[in-house]
Amino acid sequence: MAIRGLSKSRAKKANIKGYLDLIPDLTENQRARLQEIRRVFLPKVEAIRQDMRLKRAELAELLFAEPSDRIRIYAVAESIIGRQSELEHEVIEHILEEKELLTASQKQRFYEIIVEQFSWGGLGVHDVTAEKRKTDHGRDR
């Protein structure tokens, strides 16, 4: 029985794609509009993340190349910072767009979720960071 409960818990977490999935009383209309917002948002941020991964790999290579090319190292680092800034901007716009879908009580719950997530250091783009930490460690840190 415990195994079945664990499987349901994992399945539920696997269905979480974003913070609004933590708000159980969304209407079908809200969920449909949310899916449309995500259809545009998720590929956009995934492209930024992929580019950042590539740039970080390039940075790692440059950091250990001999001789060190500080000018190139800092240029790649600056491009990573630019992409991080772009990612933050996209997430902020996404949160503002999602917020517009919500009722007053749902907005309050959304605010609480965002404050909790930000307190863990993330502008966590659909990774539900604090929930993962609870799961991984069995408690909040």
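Scroll up to find the structure.
Everything quoted here is computed from the prediction, not taken from an experiment. (Residues numbered from 1 in each chain as written. Predicted model: local features only at pLDDT ≥ 70, side-chain atom pairs only at ≥ 80, totals over all residues. Heavy atoms only, no water.)

(A) Structural view of the packing of helix α3 (residues 70-99) against helix α4 (residues 104-119). Running from amino to carboxyl end, α3 crosses α4 at an angle of 160°, the nearest separation of the two axes being 11 Å. Here α4 runs roughly antiparallel to α3, going by the angle between their axes. Between α3 and α4 lies a crossing of right-handed hand. Facing α3, whose interface residues are Ile95, Glu98 and Lys99, α4 presents Lys107, Phe110, Ile114 and Phe118. A breakdown of the residues in the contact of α3 with α4 according to their chemical character gives 4 nonpolar, no polar and 3 charged. (Axes fitted to C-alpha atoms, helices over the stretch in contact; angles between N-to-C directions. Helix = DSSP H or I, 4+ residues; strand = E, 2+ residues; numbered from the N terminus. Parallel < 35°, antiparallel > 145°, perpendicular 65-115°, else oblique. Left-handed = near helix turned anticlockwise from the far one by under 90°. Contact = heavy atoms within 4.5 Å. Nonpolar A, V, L, I, M, F, W, Y, C, P; charged D, E, K, R; others polar.)

(B) How the structure looks around α4. Compared with an ideal rise of 1.5 Å per residue, which puts 16 residues at 22 Å, α4 spans 23 Å between its outermost C-alpha atoms and is within 8% of the ideal. Among all positions of α4, only Gln106, Phe110, Ile113, Ile114 and Gln117 are buried. One side of α4 holds all its buried residues, which, seen down the axis, span an arc of 100°. Away from its buried face by more than 90 degrees, α4 exposes Ala104, Ser105, Tyr111 and Ser119. Downstream of α4 by one or two residues, Gly121 has phi in the positive range, about 95°. (Expected span 1.5 Å × (residues − 1). Buried < 20%, exposed > 50% of the residue type's maximum accessible area, 1.4 Å probe, protein only. Arc of directions from axis to C-beta.)

(C) Molecular detail of the pattern of salt bridges. Following the criterion strictly, the structure yields 9 salt bridges and no others. A salt bridge links Glu36 to Arg39; its shortest N-O distance comes to 2.6 Å. Note that Glu36 and Arg39 are positioned in helix α2 (residues 28-64) at a spacing of 3 residues, about one turn of the helix. Of the charged contacts in the structure, one is a salt bridge between Arg109 and Glu112, with a shortest N-O distance of 3.7 Å. Of the two residues, Arg109 and Glu112 both sit in helix α4, 3 residues apart, roughly one turn of that helix. Classification of Glu112 by relative accessible area gives partly exposed; the value is 37%. By sharing partners, the salt bridges in this structure join Asp51, Lys55, Arg83 and Glu86 into a single network. (Salt bridge = Lys/Arg side-chain N within 4 Å of Asp/Glu carboxyl O.)

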